[in-house]
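These are the residues of each chain, in order.
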Amino acid sequence: MLKFVKNHMDSISGIEIYPIISLLIFFIFFVVLFWWVVTAKKEYIKTVSKIPLDNQNDDIL
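Summarised in this report is the structure supplied together with it.

Quick notes on the rules
- Residues numbered from 1 in each chain as written.
- Predicted model: local features only at pLDDT ≥ 70, side-chain atom pairs only at ≥ 80, totals over all residues.
- Heavy atoms only, no water.
- Helix = DSSP H or I, 4+ residues; strand = E, 2+ residues; numbered from the N terminus.
- Buried < 20%, exposed > 50% of the residue type's maximum accessible area, 1.4 Å probe, protein only.
- Polar contact = N/O pair within 3.5 Å; in protein donor to acceptor, adjacent residues only side chain to side chain.
- Phe/Tyr/Trp six-rings, centres within 6.5 Å; stacked < 30°, edge-to-face > 60°.

Quick look at the environment of Ser49
Next up, step 1: As for its placement among the helices and strands, Ser49 is situated in helix α3 (residues 42–49).
Next up, step 2: The class of Ser49 is partly exposed, set by a relative accessible area of 46%.
Next up, step 3: Here the side chain of Ser49 touches Lys46 through a polar contact of 2.8 Å, landing on its backbone oxygen.

Examining the packing of aromatic side chains
Next up, step 1: The tally for this structure, following the rule as stated, stands at three aromatic pairs.
Next up, step 2: Arranged with centres 5.0 Å apart and planes meeting at 85°, the rings of Phe29 and Phe30 form a pair that is edge-to-face.
Next up, step 3: Three or more aromatic residues joined by ring pairs make a cluster, and in this case those are Phe26, Phe29 and Phe30.

Written as structure tokens, this is what we have:
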């Protein structure tokens, strides 16, 4: 099965750029996510972490 896929991929010209693009997207996403976590304000993190425990919205249901 892998031999069939590999031979099929070899016949497509310009396909070698797609793994590089996907790696760059993956890397950039996690660098931005890491930067956001490091620079997030502690007050905001505490507020967001308490949202699942907030019982004020139970009256709506």
